[in-house]
Amino acid sequence: MFETSAIEMEAVAENRLPEGAKHTLDLINSGRRYPGFRNNIVFHNKEKQLPARPDGYYKEWTVRTKGKTGRGKSRLVSGQNGELFFTMNHYKSFRWVVPAKLSPTG
């Protein structure tokens, strides 16, 4: 579990993310993005599902879902200090993404 600022959430190892999220993470790390999709834009945390930080602290990234058109509901959200979160339900809930080497289930 990840706990900070009264927010509690389950963790998921990077290597256990869905394929689309792994692909998006590769694109983030390489500096590339999906053409035509909104990426690297400010995530305002209006739902208050992530730890409270100043506006502009978080950025969101589209995660494509196989067989779906458009942006879908899945996103990765990154924080300025390297935090990474994944949602499959358009910000209703998040999982904290941890490097595989730090995950007990690796």
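The model shown is predicted, which means the values in this text are computed figures rather than measured ones.

1. Some thoughts on the sheet that holds strand β7 (residues 84–87)
Here comes step 1: Spatially, six strands are ordered β3-β8-β7-β6-β5-β4 in an open sheet, and the strand pairing comes out mixed. Two strands lie at the open edges of the sheet, namely β3 (11–13) and β4 (41–43), each paired on one side alone. Taking each pair of neighbouring strands and ignoring which way they run, the sheet shows an average axis angle of 40°.
Here comes step 2: Bridging between β3 and strand β8 (residues 95–98) involves three bridges; their strand directions are parallel. Bridge pairing in β8 links A11 to W96.
Here comes step 3: The strands that helix α1 (residues 19–30) touches are β5 (58–62), β6 (75–79) and β7; relative to β6, the one it contacts most, it runs at about 40°.

2. Considerations on the pattern of salt bridges
Here comes step 1: In total, this model carries three salt bridges according to the counting rule given.
Here comes step 2: Linked through salt bridges whose partners overlap, the residues forming this network are E60, R71 and R75.

3. Looking at the nonpolar core
Here comes step 1: If you look at the biggest cluster of nonpolar residues, it comprises 10 residues: V12, L17, A21, L25, W61, V63, L76, L84, F86 and V97.
Here comes step 2: F43, Y58, V77 and F94 belong to the second largest nonpolar core, which has nine residues in total.

4. Side note on the packing of aromatic side chains
For any pair of aromatic rings, geometry is given as the distance between the ring centres together with the angle between the planes.
Here comes step 1: Summed over the entire model, instances satisfying the criterion amount to six aromatic pairs.
Here comes step 2: When the centroid spacing of 5.9 Å and the interplanar angle of 70° are considered together, the rings of F43 and F94 count as edge-to-face. Taken together, the residues F43 in strand β4 and F94 in the loop between β7 and β8 connect sequence positions 51 residues apart.
Here comes step 3: Owing to a relative accessible area of 4%, F43 belongs among the buried residues under this scheme.
Here comes step 4: Looking at F94, the relative accessible area reads 6%, which means it is buried.
Here comes step 5: Summarising the aromatic geometry, the rings of Y91 and F94 are spaced 6.4 Å apart at their centres and angled 25° between planes, so their arrangement reads as stacked.

5. So, the confidence of the model for the protein chain
Here comes step 1: Chain-level pLDDT for the protein chain is 85 on average; 84% of the residues reach the 70-or-more range.
Here comes step 2: Per-element confidence in the protein chain ranges from a low mean pLDDT of 48 for strand β1 (residues 2–4) to a high of 96 for β7.

6. Observations regarding the pairing of β8
Here comes step 1: By the bridge criterion, two bridges tie β7 to β8 in an arrangement that is antiparallel. Within the sheet, the bridge partner assigned to F86 lies in β8 and is R95.

Thresholds, definitions, all that
Along each chain, the written sequence defines residue order, and numbers are assigned to residues from 1. Per-residue local features are limited, in this predicted model, to residues with pLDDT of at least 70; the limit for side-chain atom pairs, both in listing and counting, is 80 or more; totals at the level of whole chains, interfaces and linings are taken over all residues. With hydrogens and water stripped out, all remaining heavy atoms of the structure feed into the side-chain values. In this analysis, strands are considered paired if DSSP registers two or more bridges between them. Only DSSP runs of H or I with at least four residues qualify as helices, and only runs of E with at least two residues qualify as strands; both kinds are numbered from the N terminus onward. Geometry is summarised by axes, namely lines fitted to C-alpha atoms with helices restricted to the contacting stretch, and by angles between N-to-C directions that run from 0 to 180 degrees. Two residues form a contact once any of their heavy atoms are found within 4.5 Å. Here, a salt bridge means any side-chain nitrogen of Lys or Arg that lies within 4 Å of a carboxyl oxygen of Asp or Glu. Only buried residues count toward a nonpolar core. Its members are Ala, Val, Leu, Ile, Met, Phe, Trp, Tyr and Cys residues joined through side-chain atoms within 4.5 Å. In this scheme, a residue with accessible area under 20% of its type's maximum is buried, one over 50% is exposed, and one in between is partly exposed, where area comes from a 1.4 Å probe on protein chains only. The pairing test for Phe, Tyr and Trp rings, Trp by its six-membered ring, is centres within 6.5 Å, and the orientation test on the planes gives stacked under 30 degrees, edge-to-face over 60, and tilted for anything in between. The predictor's confidence in any single residue is recorded as pLDDT, a number from 0 to 100.

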